[in-house]
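Observations on chain architecture
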Amino acid sequence: MPKFAANLSMMFTEWSFLDRFAAAADAGFAAVEFLFPYEYSADAIAAQLQRHGLTQALFNLPPGDWGKGERGMAALPSRLSELQAGVETALIYAEATGCRRLHLMAGIAPADDAKARAAYREAVAWTAGRVGEAGRTLVLEPINGRDMPGYFLNDFAYAEALITELALPNLRLQFDIYHRAIMHGDVTMALRRLMPMIGHIQIASVPSRHEPDAEEVNYPFLLAELDRLGYDGFVGCEYRPAGHTVDGLGWFKPHRGILA
Ligand SMILES: O=C(O)[C@@H](O)C(=O)CO
Ligand SMILES: [Mg+2]
């Protein structure tokens, strides 16, 4: 049975951010993830995790100015020192929350630009090294260009090639099934082949990014496939509920209370 993490950036948004931890725990989740913790103190987040017995599965490194449309800095040649400072900030949060996985966003840059590719390679290698010193895993997530136009890491094959080439012990793939299905399809075969490099998985319906019990992807089959493949990491529920979050949790009932 997969270990599910409620994504608090998308789920339980009926509550204020710090109250979403209690709501997720009440709904039976043992783990959570979210995009960014940085508007809140590390101690405030750690306290919510502790109070509600939750494991922090994942969060993202600082992405630059999100409000101005930035989506990471790794492929932006002039932003390495800002990225490096952000990694130090993120590690403070990782330490406080006990989070083992950090996602490095690539940024908006042409995927075929040689300078962007060189910058990305350097930033990934540096960040994996620094995060590794702190005992953490770095994950890279290909994201589809309909949701995030112009995003640099828009291809699973490119992520796979880079992770293989760098061969760093703590560098892994964040396999978001929603993005994979939109970008390339062939989800099951990709999971089978890439499983040794997968560090985190996320789910949502395709194409609406709602609860994983409708539309085009057969999640009962895929979740069973994760068990068959021996996946023991987290499955992040990174979907926007179609209505009230709690009303849409019928799909989750058989999985309630699986310990993280
Ligand atoms: O899939 C996504 O959008 C997220 O996992 C993310 O980290 C960036 O938005
Ligand atoms: Mg995702």
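For clarity, every value in this text was computed on a predicted model and none was experimentally measured.

**Describing the environment of G243**
- Residue position: G243 is located in the segment after β8 (234-237).
- Along the chain, G243 and E211 lie 32 residues apart, while their C-alpha atoms are 9.7 Å from each other.

**Remarks on the UniProt feature "domain: Xylose isomerase-like TIM barrel" (unreviewed entry) in the chain**
- As recorded in UniProt, the sites labelled "domain: Xylose isomerase-like TIM barrel" (unreviewed entry) are residues 21-254.
- Taken end to end, residues 21-254 has its terminal C-alpha atoms 20 Å apart, with 38% of it in helix and 14% in strand.

**Here we look at the site of ligand 1**
- In the neighbourhood of ligand 1, 14 residues make up the surrounding shell, with N60, E141, H179, R209 and E238 lying closest.
- Here E141 contributes a side-chain N or O atom positioned 2.8 Å from an oxygen atom of ligand 1.
- Contact between ligand 1 and E238: an oxygen atom at 2.7 Å from a side-chain N or O atom of the residue.
- Contact with the protein chains covers 95% of the free accessible surface of ligand 1, which is 260 Å².
- Its residues assigned to classes, the shell around ligand 1 comprises five nonpolar, five polar and four charged.

**Let's talk about the coordination of the magnesium ion (ligand 2)**
- Taken together, the protein donors to the magnesium ion (ligand 2) comprise E141 (OE), D176 (OD), Q202 (OE1) and E238 (OE), at separations of 2.0 to 2.2 Å.
- Taken together, the six donor atoms coordinating the magnesium ion (ligand 2) span angles of 77 to 172° at the metal, a pattern that classifies the geometry as octahedral.

**Observations concerning the pattern of salt bridges**
- As enumerated under the stated definition, the model contains 13 salt bridges in all.
- Put simply, E225 and R192 hold a salt bridge, and the shortest N to O gap is 2.7 Å. Note that E225 is positioned in helix α8 (residues 219-228) and R192 in helix α7 (residues 187-194), a separation of 33 residues in sequence.
- When salt bridges that share partners are traced, they join D147, D176, R209 and E238 into one network.

**Looking at α7**
- Every buried residue belonging to α7 is among V187, T188, A190, L191 and L194, and all of these are buried. Down the axis of α7, the buried set is contained in an arc of 165°. They therefore lie on one face.
- Its buried side turned inward, α7 meets α5 (156-166), β6 (171-176), α6 (177-183), β7 (198-203) and α8.

So, how was this worked out
- Residues numbered from 1 in each chain as written.
- Chains lettered and ligands numbered in written order.
- Predicted model: local features only at pLDDT ≥ 70, side-chain atom pairs only at ≥ 80, totals over all residues.
- Heavy atoms only, no water.
- Helix = DSSP H or I, 4+ residues; strand = E, 2+ residues; numbered from the N terminus.
- UniProt positions renumbered as here; feature names shortened; annotations may be inferred.
- Near = heavy atom within 4 Å.
- Polar contact = N/O pair within 3.5 Å; in protein donor to acceptor, adjacent residues only side chain to side chain.
- Areas by Shrake-Rupley, 256 points an atom, 1.4 Å probe, with all protein chains shown as cover.
- Nonpolar A, V, L, I, M, F, W, Y, C, P; charged D, E, K, R; others polar.
- Donors = N, O, S within 2.8 Å, 3.2 Å for Na, K, Ca; no water.
- Tetrahedral: all angles 85-135°; square planar, octahedral: opposite > 155°, others 65-115°.
- Salt bridge = Lys/Arg side-chain N within 4 Å of Asp/Glu carboxyl O.
- Buried < 20%, exposed > 50% of the residue type's maximum accessible area, 1.4 Å probe, protein only.
- Arc of directions from axis to C-beta.
- Contact = heavy atoms within 4.5 Å.

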